[in-house]
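# Remarks on the overall topology
Residues per chain, in single letters:
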Amino acid sequence: MPASPIDIYELLTRELGSRRVLRDEERLEAYSHDESGLGRFPPAAAVLCESAAEVSLVLRLAREHRVPVTPRGTGTGMTGGALAVQGGIVLSTERMNQVLAIDEQDLLAVVEPGVITGVLQEQVEAVGLFYPPDPASLESCSLGGNVAENAGGPRAFKYGVTRRYTLGLELALMGGERLRCGRRTVKGVTGYDVVATVVGSEGTLAVATEITLRLLPQPPAVQTMLAAMPDVVSAGVAVTSILRAGEPPRALEIIDGVTVDHLRRKESPYRFPAGAGAVVLCELDGHPESLEAAMLRAAAACAAAGAVDVFVAKDESERRAIWQTRRNASPALKELHRSKTAEDIVVPLGRIPEMLGRIAAISARHGITIGTFGHAGDGNLHVNLVHDEDEADPAVRARVQAAIDDLFRATLALGGTLSGEHGIGLAKRDHVAWEQTPELIGFQQRLKRVFDPDGLLNPGKKIPQ
Ligand SMILES: Cc1cc2nc3c(=O)[nH]c(=O)nc-3n(C[C@H](O)[C@H](O)[C@H](O)COP(=O)(O)OP(=O)(O)OC[C@H]3O[C@@H](n4cnc5c(N)ncnc54)[C@H](O)[C@@H]3O)c2cc1C
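This structure is a prediction, so every number in the text was calculated from the model and none was measured.

Quick look at the domain arrangement of the protein now. Partitioning the protein into structural domains gives domain 1 (5–92), domain 2 (99–217), domain 3 (221–330) and domain 4 (337–424). Taking the mean C-alpha position of each, domain 1 and domain 3 sit 42 Å from one another.

See the structure below:
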């Protein structure tokens with residue numbers, strides 16, 4: 001006979017101490033929300049684990065007591081993955097923040113899941129190495145969260161997303177079992193690819209307690225170009241021509257006029273040229289000799305698409321200023337409005353200009369301002385619906401939801417997908433059925449039960465129930 005739910009919190013407090021098993025409303029506040037804007041979901045407790053053994057203990061007791069557990073990194077998720085929608089325990093890995101090894105011979109790093117992405121990047125760059133995935137949130141998100149969301153970023157265009165760099169994982173399953181999967185080698189096909197299955201599973205299959213990441217040598221040179229375009233349609237055309245120009249950029253980004261206007265209103269290290277109705281940001285890396293010619297080809301493509309200004313960063317500080325300004329895009333749209341809903345759609349490369357046109361039509365049809373920016377080289381657009389009306393007003397909510405539904409319909413009609421990197425979480429769970437067949441959803445529900453037979457790990461997320 002299982003003990004009453006309250007007993008598990010007493011047991012955990014006895015094992016880990018009250019400073020790491022948070023129960024009071026005030027301290028739980030920080031663990032009640034994330035960056036999705038979906039609201040507050042206070043758990044019964046937040047448990048701050050410091051080791052894989054502690055994670056395993058929490059998962060063992062939680063299964064014995066039938067208490068749901070929601071894993072959490074640093075809560076920067078945009079789709080509600082870290083929200084405790086069924087209460088229970090939020091299992092925080094923020095204190096598991098050690099870089100355990102940087103192996104310069106084998107070109108890999110072994111980290112705990114709570115390490116901040118930017119911290120690992122700085123450490124590997126200090127020894128001439130390179131960890132490519134660069135979510136715009138890299139100064140605050142955790143590598144465990146990146147693995148769970150299969151995070152991307154601007155450099156994913158050339159280098160790929162987190163899955164490509166995740167060689168091995170140590171996992172804790174619901175019930176407390178611990179598994180090591182993957183390897184320390186770049187290649188390897190022994191057994192099924194459990195690592196690839198868990199990466200991107202949004203904390204619904206297992207908790208990552210240790211991560212082995214592939215590193216690359218640092219590219220010898222980097223150049224960044226910013227083209228001020230008259231409007232977003234010409235920016236879309238410039239992106240398509242750069243893609244065909246030969247040398248693949250490591251990042252190819254687009255920022256629409258609405259977002260440019262918001263960035264102009266926020267304190268940012270880089271000021272966009274006057275006349276920029278949209279911006280194309282193109283970054284190349286490689287050997288200095290080949291870079292010059294490739295950059296000229298990219299600049300020519302922008303000029304042919306009608307660029308009003310083309311600017312190449314002359315040094316590292318100008319390059320950083322441009323990227324910091326790009327990273328401010330999402331915060332600028334959020335800070336300047338009462339409400340922001342961020343979507344993260346992907347369309348096939350040839351459909352970007354058409355998608356941009358459809359977004360403009362959706363904005364006009366529903367009377368909602370939409371700022372679009374993102375990784376155009378991947379066809380991955382961050383579509384941000386902003387307004388200053390009362391979010392609690394059902395009519396306002398219905399209008400926003402209708403615009404989102406239209407956005408998803410347009411994306412799928414063009415052969416796209418609902419999320420490129422922010423995940424499905426709670427926000428888009430029910431829309432998965434718009435993209436995937438009942439058979440495929442049923443198969444994934446069975447897969448979930450293999451990892452988590454009682455449905456207690458991050459319930460209510462990722463796939464329709
Ligand atoms: C301003 C801003 C910009 C962003 N830009 C990008 C971007 O460019 N690219 C991008 O991909 N994302 C971006 N994001 C989204 C977010 O930062 C990423 O999804 C990130 O990977 C989440 O990491 P986190 O540590 O905050 O995870 P959390 O929000 O805490 O959790 C996210 C999910 O991961 C699960 N999880 C966390 N840790 C573990 C673990 N150890 N084991 C198993 N599951 C776990 C949680 O259960 C949850 O489902 C951005 C967010 C913001 C706010």
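The discussion continues.
The full set close to the ligand counts 37 residues, and Gly 73, Gly 77, Gly 81, Gly 145 and Gly 203 are the nearest of them. Elements that contribute at least two residues to the shell around the ligand include exactly β3 (69–72), α5 (143–149), β10 (207–214) and α13 (329–335). Of all the elements, α5 adds the most residues to the shell around the ligand, at 5 residues. In terms of residue class, the shell around the ligand is made up of 12 nonpolar, 19 polar and 6 charged. When residues of the shell around the ligand are assigned to domains, at least three fall in each of domain 1 (5–92) and domain 2 (99–217).

This part covers the sheet that holds β10. Strands belonging to one sheet form pairs held by backbone hydrogen bonds; the direction of such a pair is parallel or antiparallel. Strand order in the open sheet formed by 5 strands is β5-β6-β10-β8-β9, with antiparallel pairing between adjacent strands. Of all strands in the sheet, those with a lone pairing partner are β5 (99–103) and β9 (178–182), marking the two edges. Strand-to-strand twist across the sheet, computed as the mean angle between neighbouring axes with direction ignored, equals 10°. Pairing of strand β8 (residues 166–172) with β9 involves 5 bridges; the strand directions are antiparallel. Among the inter-strand pairings, Leu 169 is bridged to a residue of β9, identified as Cys 181. Helix-sheet contacts for helix α4 (residues 117–125) involve β5 and β6 (108–111), and the interaxial angle to β5 is about 35°.

This paragraph deals with the environment of Ala 62. Along the chain, Ala 62 falls in helix α3 (residues 52–65). In this structure Ala 62 comes out as buried when scored by C-beta crowding, with 25 C-beta atoms within 10 Å. Sequence separation between Ala 62 and Ala 136 is 74 residues; the distance between their C-alpha atoms is 34 Å. Not counting residues up to four positions away in its chain, the partners in contact with Ala 62 are Ile 8, Val 67, Val 69, Ile 89 and Leu 456.

A few words now on helix α10 (residues 257–265). Every buried residue of α10 is listed here: Val 258, Thr 259, Val 260, His 262 and Leu 263. Along its buried surface, α10 packs onto β13 (251–255), β14 (278–286), α12 (316–327), α13 and β17 (369–375).

Bringing the environment of Thr 341 into the picture now. Here Thr 341 shows up in strand β16 (residues 339–346). Using a count of 22 C-beta atoms within 10 Å as the deciding quantity, one classes Thr 341 as buried. Once you skip the residues sitting within four places of it in the chain, Thr 341 turns out to touch Gly 37, Leu 385, Val 400 and Ile 404.

Residues Ala 227, Met 229, Ala 238, Val 239, Val 279 and Val 280 are the most contacted members of the largest nonpolar core, which totals 66 residues. Not counting residues up to four positions away in its chain, the partners in contact with Val 280 are Ala 227, Met 229, Ala 235, Ala 238, Val 239, Ile 254 and Cys 302. Formed by 60 residues, the second largest nonpolar core is a distinct cluster that contains Val 58, Leu 108, Leu 171 and Val 195.

Take the sheet that holds β16 next. Strands sit in the order β15-β12-β14-β13-β17-β18-β16 across an open sheet of 7 strands; the sheet is antiparallel. Two strands lie at the open edges of the sheet, namely β15 (309–312) and β16, each paired on one side alone. Between one strand axis and the next, the sheet turns through 15° on average, direction left out of account. Its contacts with the sheet put helix α9 (residues 232–244) on β12 (221–229), β13 and β14, and the angle it makes with β14 is roughly 20°. Set on the sheet, helix α14 (residues 352–366) makes contact with β17 and β18 (380–387); between it and β17 the angle comes to about 160°.

So, on to the packing of α14 against helix α15 (residues 394–413). Where α14 contacts α15, the axes come no closer than 10 Å and their chain directions differ by 160°. With respect to α15, the axis of α14 lies roughly antiparallel. Remark: the crossing between α14 and α15 carries right-handed chirality. Counting all contacts with α14, which are made through Met 355, Arg 358, Ile 359, Ile 362 and His 366, the residues of α15 involved are Arg 399, Ala 402, Ala 403, Asp 406, Leu 407 and Ala 410.

As a further point, take the pairing of β18. The buried count for β18 comes to 7 of 8 residues, which makes it a mostly enclosed element. Direction of pairing for β16 relative to β18: antiparallel, over a ladder of 8 bridges. Pairing of Asp 344 across the sheet is with His 382, part of β18. Linking β17 to β18, which pair antiparallel, is a turn of 4 residues; within it Gly 379 sits at a positive phi near 75°.

Reading the values: the criteria
Residues numbered from 1 in each chain as written. Predicted model: local features only at pLDDT ≥ 70, side-chain atom pairs only at ≥ 80, totals over all residues. Domains from an automatic or database assignment. Near = placed C-beta within 6 Å. Helix = DSSP H or I, 4+ residues; strand = E, 2+ residues; numbered from the N terminus. Nonpolar A, V, L, I, M, F, W, Y, C, P; charged D, E, K, R; others polar. Pairing = 2+ DSSP bridges. Axes fitted to C-alpha atoms, helices over the stretch in contact; angles between N-to-C directions. Contact = placed C-beta atoms within 7 Å. Buried ≥ 20, exposed ≤ 12 C-beta atoms within 10 Å, placed from the backbone. Core = buried A, V, L, I, M, F, W, Y, C linked by C-beta atoms within 7 Å. Parallel < 35°, antiparallel > 145°, perpendicular 65-115°, else oblique. Left-handed = near helix turned anticlockwise from the far one by under 90°.

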